[in-house]
Amino acid sequence: MYAKVIIDIKHEDVNRFFDYIIPQKYEDFLERGMRVLVPFGKQTRMGYVTEIITESLDATKEILEVLDVIPSINEELFSLMNYIKNHVPALYSSIFSTVIPSELAVNYTKVVEMVKPELVPDDLKPYFNKKGIWRLKRKDQVYYPRLKKLRDSKDQEIIKIKTVIKEKGTTKTDKTYTYNQNHHYKRIYHYEIVIDLFNMKKEYTRKELTDQGLTASNINTLVKNQVLFEQEKDVFREIEHQFDLSDKKVVLTDEQQNVVNQIVNSLDKQETFLLKGITGSGKTEVYLEVISKVIEQNKQVLVLVPEITLVAQMAKRLKSRFDDVAIYHSALSSGERFDQYKKIQSGKASIVLGTRSAVFLPMEDLGLVIIDEEHDDSYIQKEQVIYDAVEIALERAKHHQIPVLLGSATPSITSMYEAMNNRFTLLELTKRPLNLEIPTIQYVDMRLELEKNNTSIFSKTLLDAMKKRIEMKEQTILLFNRKGYAPFVLCRACGDVPQCPHCDISLTYYKEKKSLKCHYCGYEKPFDNTCSVCNASKVKEVGTGIEYVEQVLKKQMPKARVLRMDKNATRIKGSHEIIWNNFLNEEADILLGTQMIAKGLDFPKVTLVGVLMADLLLKVPSYKSTENAYMLLAQVTGRSGRFYPGEAIIQGYDIGHFAIKSVNQTYETFYQEALYNRKLMNYPPFKNTSQILISGESYLKTYQRAFMLKKALSSLSCDVLGPSQALITKIKDYYRFTITLKYETIEKQELFDLLEAHEFDDIKIRYFPYLDIV
DNA sequence: CTCTGAAGGTAA
DNA sequence: TACCTTCAGAGT
């Protein structure tokens, strides 16, 4: 028997199947989908078995080791991988690492050993430890060519180089102790506490014993004299959450109950439900009720939320009502993630909650997929192997013949269109259970403020409203979205803005580091207020980064306690939970943040939401920017007055745009207008769109190649637009052009072949299945 | 990706 | 002739 194997190297040259002989001992054991170690050239590499075959003309070497007991890739996952393969051009190995947890990959570490230390050059010696061993780190790779030369130096072996393969995912073990009733240790009277302890409980961990005052040497003595038996036990790394939220089992409103009934009636068939419920209408209660019905049928539920910040609160509510909830997202520690994965793989989780990447988790008895905030852009993976988790979820539903529940207050245009055409089943929640009014929304035109000589970023209206909240001991949420906008510096004398020498983009100003940095290539130089063009010492920062907003806020409202929540403030694991907890406990009056504050915990005391520079959202160059802007505004204003009547104030320079105006009206108003625009421009849902990026070092050659590609593409049944300069015309010294495709259906494989045929040494071509990623 | 061996260069 | 760098090709 033979196995077809994909090697875990992400490179065009090895992007194909390799056949290996299955050794006798693995014949009955090895299955498709298992990870194996195989000899590959001079190396040993990890690979994935994709097929077991009876004949092979190529196989010459044997599989060395099998790393799995249950296949890491099950049949369903194979079909999802196939789906991805048909939608984006990607290397096999990349697709594998996209759909499985990184803990299933292996580490290759090069270990160098001195054989003749006296011949090792002095400058390399400090890297070796006492035993003459050096484990090469990433940064040590530069020495590798020299080391290879030392190894190969003729007649004498100066050093040895080995590659050590280690599995990334590891099980955590703890030493536990039990008491031996039949020991013969005479000095046991020194350890009365031990006898007492083991009278209460049979087994203790090492930590529990030391907490009781026993020292490490105490324990070792007792083990040596066979009073205690020591054993290794696996520990499960439990995930803890900062705040406390329990699910009070509420009585569903008629409206909610209706929706639940409809879904429950279709649990045994494939159907996509779009649950459209205004903010505060209790979508989560519906989810919980439906989940309980699925679990009654002994099936599993997959729940997806768009952002890590939303996992904790959903987890709390799920855990307070159900057992066996597993959690999976990229911010877990590697160990936690591995344990959660193992729990899910072994079928011990009845509910799996996670972000985008959780859509690939193995669940044999899947009965329902819930996607909360389905309109959210974060469900689309925009790097490496690009995919849309919502699409993947729909594929899984097809595989299991089960329903998918998409929930949102503001469904994406495409989902709503599907619902309107009866491909999705539309369910609606139109009332807030507590019968609370939707917050009143007020618009402030900042141009008028300017005329009144108010040059601050806060209008008088907003300032007054915030002051009032502080007096009333109520809270405010302030949204300032930095997207599409970063602080930069400008010479007030000649107007020069320092650019990156390798990319076509202005350098971003970092106040704390007093430096200018390029977002794309990492180029960095110290900030200097002397202009490099006109030599005047007039270079100053422009702008309104969120830190700047915070400063102004503190200056204008010295009494206000302000919490800031942005990427920077939430870098450390668990910090966003702490911020939310603090705000919930009313340790601050104002929560200032980027779009990550738009969703999340309900804060009862929030009665005011302020949006700064709302029109900034529309400046993002994307056909979806109006949709995204409207949804963010609707989302964040809905956070006001969840328990008491609330209001929202939207500030901007260009607030007349329909995406901003519609926030004050119904979703339908917005949907109609947006849909009309999409129709006009041939954008989704009317036509599918994708984008091709052509990049190269020579401006002219790249443009020529792009043009040739355009000509070739016209043979396909689609509209070809461009080539035009990409939004960022140069990155890392490579010029960039884009071609946009609009089509109803397209033969993807044919397209990919065409693209591949147009790749040249100096021209790179990348394909993006969704628009606006480039 | 990592290794190898051939080709073509340089120094003695 | 010995030794180097560079580059294409192979890996089952």
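None of the values given here were measured: they were computed from a predicted structure.

J.: Would you take a moment to explain the environment of E395 for this structure?
T.: You can see E395 is positioned in helix α11 (residues 389-400). Here the alpha-carbon distance between E395 and L434, two residues 39 residues apart in the chain, equals 37 Å. Beyond its immediate sequence surroundings of up to four residues, E395 is in contact with L80 and Y83.

J.: So what exactly am I meant to see when it comes to the protein's contact with DNA strand B here?
T.: Residues in contact with DNA strand B, as listed here, are I9, H11, D13, K42, Q43, Y144 and K148. For DNA strand B, the fraction of atoms within 4 Å of the protein that belong to sugar or phosphate moieties is 67%. Here D13 contributes a side-chain N or O atom positioned 3.2 Å from a base nitrogen of DNA strand B. One of the side-chain N or O atoms of K42 is found 3.1 Å from a phosphate oxygen in DNA strand B. Classifying every residue of the surface near DNA strand B gives 2 nonpolar, 2 polar and 3 charged.

J.: Can you help me understand the environment of G280 in this one?
T.: Mapped onto the elements of the fold, G280 is located in the loop between β12 (272-277) and α8 (283-296). Leave out the neighbours within four places in its chain, and G280 touches R432, P433 and R642.

J.: Is there a simple way to explain the nonpolar core in this structure?
T.: A general tendency of soluble globular proteins is for nonpolar side chains to be buried together. Formed by 135 residues in total, the largest nonpolar core has its most connected members in I263, L318, L353, F360, I477 and L591. Among the elements that make up this core, the one with the highest residue count is helix α17 (residues 625-637) (7 residues). If we skip the residues at most four places from it in the chain, L591 touches T476, I477, L478, L563, M565, I579, W580, F583, I597 and F603.

J.: What is the right way to read the UniProt feature "binding site: Zn(2+) 1" (unreviewed entry) in chain A from this model?
T.: The positions that UniProt labels "binding site: Zn(2+) 1" (unreviewed entry) are, in the present scheme, C491, C494, C531 and C534. The greatest C-alpha distance among the residues just named is 8.7 Å, despite their covering 44 residues of sequence, which places them together in space. Mapping C494 onto the fold places it in the loop between β23 (488-491) and β24 (508-510). Those residues in contact with C494 that sit more than four places away from it in its chain are C531, V533 and C534. Of the residues examined, C531 reaches a relative accessible area of 3% and is grouped as buried.

J.: Teacher, can you tell me more about the protein's contact with DNA strand C here?
T.: Looking at DNA strand C, there are 15 residues lining it, with D13, V14, D19, T60 and K61 nearest. Each atom of DNA strand C within 4 Å of the protein was classed as base or backbone; sugar and phosphate made up 42%. Note that a base oxygen of DNA strand C is positioned 2.5 Å from one of the backbone N or O atoms of D19. G41 is positioned with one of its backbone polar atoms (N or O) 3.4 Å from a phosphate oxygen of DNA strand C. Mapped onto the surface near DNA strand C, the elements with two or more residues apiece are β2 (18-21) and β3 (35-40). For the surface near DNA strand C, the residue count by class is 6 nonpolar, 3 polar and 6 charged.

J.: Please clarify how the pattern of salt bridges should be interpreted in this entry.
T.: Think of it this way: side chains of opposite charge can pair up when their charged atoms draw near. By the definition in use, this model includes 38 salt bridges. For the salt bridge of K233 with E203, the shortest nitrogen-to-oxygen distance reads 3.1 Å. Of this pair, K233 sits in strand β11 (residues 228-235) while E203 sits in strand β10 (residues 203-205), placing them 30 residues apart in sequence. Assessed through its relative accessible area of 42%, K233 is described here as partly exposed. By relative accessible area, which is 28% here, E203 ends up partly exposed.

Procedures and definitions
Residues numbered from 1 in each chain as written. Chains lettered and ligands numbered in written order. Predicted model: local features only at pLDDT ≥ 70, side-chain atom pairs only at ≥ 80, totals over all residues. Heavy atoms only, no water. Helix = DSSP H or I, 4+ residues; strand = E, 2+ residues; numbered from the N terminus. Contact = heavy atoms within 4.5 Å. Near = heavy atom within 4 Å. Polar contact = N/O pair within 3.5 Å; in protein donor to acceptor, adjacent residues only side chain to side chain. Nonpolar A, V, L, I, M, F, W, Y, C, P; charged D, E, K, R; others polar. Core = buried A, V, L, I, M, F, W, Y, C linked by side-chain atoms within 4.5 Å. Buried < 20%, exposed > 50% of the residue type's maximum accessible area, 1.4 Å probe, protein only. UniProt positions renumbered as here; feature names shortened; annotations may be inferred. Salt bridge = Lys/Arg side-chain N within 4 Å of Asp/Glu carboxyl O.

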